Amino acid sequence: MPSPRHSRSTEPSTREATVLDAIDAQWAVDRLVALVAVPSLGGTAAESEAQHLVAGWLDELGTDVDRWAIDLAEAAAAPDAPGQEVERSEAWGVVGTLPGADGGQPALVLCGHTDVVPAGDPALWPGDPFTPRVDHGAVHGRGTCDMKGGLVAALTAVRAIRTAGVPLARPLAVHSVMGEEDGGLGAWATLRRGHRGDACVIPEPTAGAVMTAHAGALTFRLTLTGLAAHAANRHLGVSAIELFEHVHAALRALESGRQPADRSRFGDHPFPYGISIGRLQAGDWASTVPDRLAAEGRFGVRLDEPVEAARAAFEACVAAACAAHPWLADHPAQVEWVGGTYASSRLPIGSPLLPAVQQAVTDAGGARPPERALTAGTDLRFYTAAGIPALHHGPGDLRLAHGPAEQVPVDDLLLSARSLALLALRTCGVA
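Here's what I pulled together on the structure shown here. Numbers given for residues are sequential positions, taken from 1 along each chain in its written order. The predicted nature of this model means local features are confined to residues of pLDDT at least 70 and side-chain atom pairs, given and counted, to a pLDDT of 80 or more, with totals for whole chains, interfaces and linings taken over all residues. Heavy atoms throughout the structure, all of them, feed into the side-chain values; hydrogens and water do not.

Some remarks on the nonpolar core
Judged by nonpolar contacts, the single largest core of 61 residues is most densely connected at L108, L155, I161, L172, V201, V357 and L391. If we skip the residues at most four places from it in the chain, V201 touches L108, V109, L110, C111, L353, V357, L391, H393, L420 and L423. Here, nonpolar core refers to any group of buried Ala, Val, Leu, Ile, Met, Phe, Trp, Tyr and Cys residues whose side-chain atoms link them within 4.5 Å. We call a residue buried when its accessible area falls under 20% of the maximum for its residue type, exposed when it is over 50%, and partly exposed in between, using a 1.4 Å probe and counting protein chains only. Throughout, a residue-residue contact means that at least one pair of heavy atoms, one from each residue, lies within 4.5 Å.

See the structure below:
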């Protein structure tokens with residue numbers, strides 16, 4: 001990341017103040033409401049619809065828009081592809097670039113994903129999760145926090161720079177990606193297409209912190225085989241559910257042993273490297289001892305731990321649990337690695353991007369954000385792997401993501417837009 005062409009002070013310059021004045025709160029809220037109203041679940045047509053909607057806005061903002069159909073056959077066969085957990089018939093990449101007078105590679109990339117996870121039981125929501133509403137100073141609905149709010153903050157920052165008429169010396173790019181929730185197809189395809197930058201900010205929800213590292217995550221499937229029998233004679237059978245209880249206890253012990261002694265960097269999160277079972281299927285008849293169980297879940301990868309080492313630790317735990325059980329010793333559980341592969345990632349130590357973001361947030365009117373690490377896998381890993389320093393700072397709180405109380409405060413949305421606008425001006429320079 002090059003040194004900014006603007007002196008860092010605690011008071012925005014006249015041009016910066018002009019850009020901050022151009023932040024339009026109503027425009028931001030309206031765009032977020034419109035984007036959340038598109039139920040862009042991974043693998044649905046609405047996932048692509050959301051991408052086209054953002055592409056249209058980027059075109060309206062005067063950016064040079066690259067919109068392309070992602071080659072799904074290539075994504076399925078490429079050795080470095082991140083994997084997918086849903087089936088897709090189409091996928092789209094979208095990049096909007098605000099030109100700079102000096103041309104060249106963008107000095108800054110702002111990346112956000114438009115796909116969302118399922119809403120779950122609609123009865124647990126106070127309203128339709130895809131009918132967004134503004135209430136008590138926040139926008140509510142699926143995707144508001146994770147992470148359509150962050151993407152809209154980036155778009156609002158670009159709009160403010162254009163509205164204020166401040167020309168940039170070097171380009172500013174917005175990467176709108178899909179498929180983040182199930183592996184990172186969009187970010188992978190965007191970088192593969194050749195879109196790069198000197199630095200990248202992904203405005204995922206960070207609850208006021210700057211996330212300079214994230215744990216990884218792997219999706220696994222466990223299959224256990226028991227012995228069917230009539231429920232009236234269950235002692236003649238071997239329940240796959242009871243077998244899973246044995247293996248699950250071993251996984252819980254593994255989880256406990258993999259946690260860092262000092263969790264302060266993760267905000268004292270109890271399980272920075274968690275193991276969670278997200279889907280469980282067993283049996284085919286109520287009065288039959290179930291002879292098969294399939295469990296799918298998520299296995300946390302420690303910072304700087306190679307994915308291969310994490311997989312080996314998990315497989316060794318399952319193998320040891322099976323070896324210690326009279327039935328499983330002869331009928332061991334099968335382990336498969338399916339879906340997304342999220343390696344851990346971190347911002348290089350000493351990168352000027354961290355203090356630049358912290359100063360921009362402060363100058364935008366926020367408290368100086370502390371440095372933290374994220375417990376979830378994200379698209380950050382693709383940018384750091386490509387040699388692009390990257391971090392997270394965005395509106396909302398990740399603890400509300402994927403749940404029925406998902407929301408993003410409007411004040412958070414606007415602070416993020418203001419800070420991203422200042423960062424863009426200082427990183428790209430003013431022509």
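Structure shown, so let's carry the discussion forward.
Re the pattern of salt bridges
Pairs may arise between side chains of opposite charge once their charged atoms sit close together. By definition here, a salt bridge exists when the distance from a side-chain nitrogen of Lys or Arg to a carboxyl oxygen of Asp or Glu is within 4 Å. Going through the model one piece at a time under the given rule, you end up with 20 salt bridges. Of the charged contacts, one joins R192 and D80 as a salt bridge, the two residues approaching to 3.3 Å between their closest N and O atoms. Within this pair, whereas R192 is found in helix 6 (residues 185–192), its partner D80 is found in the loop between helix 4 (72–77) and strand 2 (92–98), the two being separated by 112 residues in sequence. Judged by its relative accessible area of 41%, R192 is partly exposed. For R258, the salt bridge is made with E305, and the minimal N-O distance between the two is 2.7 Å. In this pair, R258 is assigned in the loop between helix 7 (240–257) and strand 10 (275–282) and E305 in the loop between strand 11 (292–301) and helix 8 (307–323), connecting sequence segments 47 residues apart. When sorted by exposure, R258 lands in the same class as E305, which is buried. Salt bridges sharing common partners tie together R221, R279, E296 and E336. Helix and strand labels come from DSSP, where a helix needs a run of H or I of at least four residues and a strand needs a run of E of at least two; each type is numbered from the N terminus.

Re the sheet that holds strand 5 (residues 138–140)
Strand pairing requires that DSSP identify at least two bridges connecting the strands. A sheet is described by the order of its strands in space; here three strands give the open sequence 4-5-16, paired in antiparallel fashion. Of all strands in the sheet, those bounded by a partner on one side alone are strand 4 (133–135) and strand 16 (407–409). Recorded for the sheet is a direction-independent mean angle of 25 degrees between the axes of neighbouring strands. As defined by bridge partners, strand 4 adjoins strand 5 across three bridges and the pair is classed as antiparallel. In the strand pairing of strand 5, V134 is matched with V139. Angles shown run from 0 to 180 degrees and are taken between the N-to-C directions of axes, each axis being a line fitted to C-alpha atoms and, for helices, limited to the stretch in contact. Where helix 5 (residues 144–164) meets the sheet, its contacts fall on strand 5 and strand 16, and the angle it forms with strand 16 comes to roughly 45 degrees. Strands strand 5 and strand 16 of the sheet are contacted by helix 11 (residues 410–428), whose axis makes an angle of about 65 degrees with strand 16.

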